[in-house]
Amino acid sequence: QEVGSYENQEQNFLLIKEYAGHEYSFDSQMVPPGSWTYRVLCRFRSGEIAVVDQKDVVVPELSGMDQSQAAAIFLSILFVSSVGSYLADTGPTL
């Protein structure tokens, strides 16, 4: 599965030149968990495609709380603190 290509106008920053001894860095994107192979490809004007660099990566399952659960907890805390503040406020005395 192709994640990015320099032919896609949104990812035209992927244009590279092959430099001997150059270290290439990898920028991860949010992809489904599993085993992935990232390849940096170079397409020559002749049409030939060469693999410049390759790295195998295992993306683990996301850990932590689901976003909907976190939102529910945040809203419940906000509600309880609002009601508590309202009840604790004595109001003006005459």
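It should be emphasised that the depicted structure is a prediction, and the values quoted were computed from it without experimental measurement.

**A short note on the overall build of the chain**
- When helices and strands are tallied, the chain shows 1 helix and 2 strands.
- Sequence-ordered secondary structure for the chain, helices as α and strands as β, is β-β-α.
- The burial tally for the chain puts 7% of its 94 residues in the buried class.
- When contacts within the chain are restricted to residue pairs at least 6 apart in sequence, those whose partners lie at least 24 apart make up 33%.

**As for a nonpolar patch on the surface**
- On the surface, Phe79, Val80, Val83, Tyr86 and Leu87 cluster together into a nonpolar patch covering about 600 Å² of accessible area.
- Mapped onto the fold, Val83 is located in helix α1 (residues 67–88).
- Its relative accessible area of 34% is what places Val83 among the partly exposed residues.

**Some thoughts on the pairing of strand β1 (residues 34–43)**
- Where β1 and strand β2 (residues 49–59) come together, 10 bridges link them in antiparallel fashion. Across the sheet, the residue bridging to Trp36 is Val57, located in β2.
- Adjacent in sequence and paired antiparallel, β1 and β2 are bridged by 5 residues, among which Gly47 carries a positive phi angle near 100°.

Basis of the calculations
- Residues numbered from 1 in each chain as written.
- Predicted model: local features only at pLDDT ≥ 70, side-chain atom pairs only at ≥ 80, totals over all residues.
- Heavy atoms only, no water.
- Helix = DSSP H or I, 4+ residues; strand = E, 2+ residues; numbered from the N terminus.
- Buried < 20%, exposed > 50% of the residue type's maximum accessible area, 1.4 Å probe, protein only.
- Contact = heavy atoms within 4.5 Å.
- Patch = residues over 30% accessible without salt bridge, like charges linked within 9 Å, V, L, I, M, F, W, Y side chains within 5 Å.
- Areas by Shrake-Rupley, 256 points an atom, 1.4 Å probe, with all protein chains shown as cover.
- Salt bridge = Lys/Arg side-chain N within 4 Å of Asp/Glu carboxyl O.
- Pairing = 2+ DSSP bridges.

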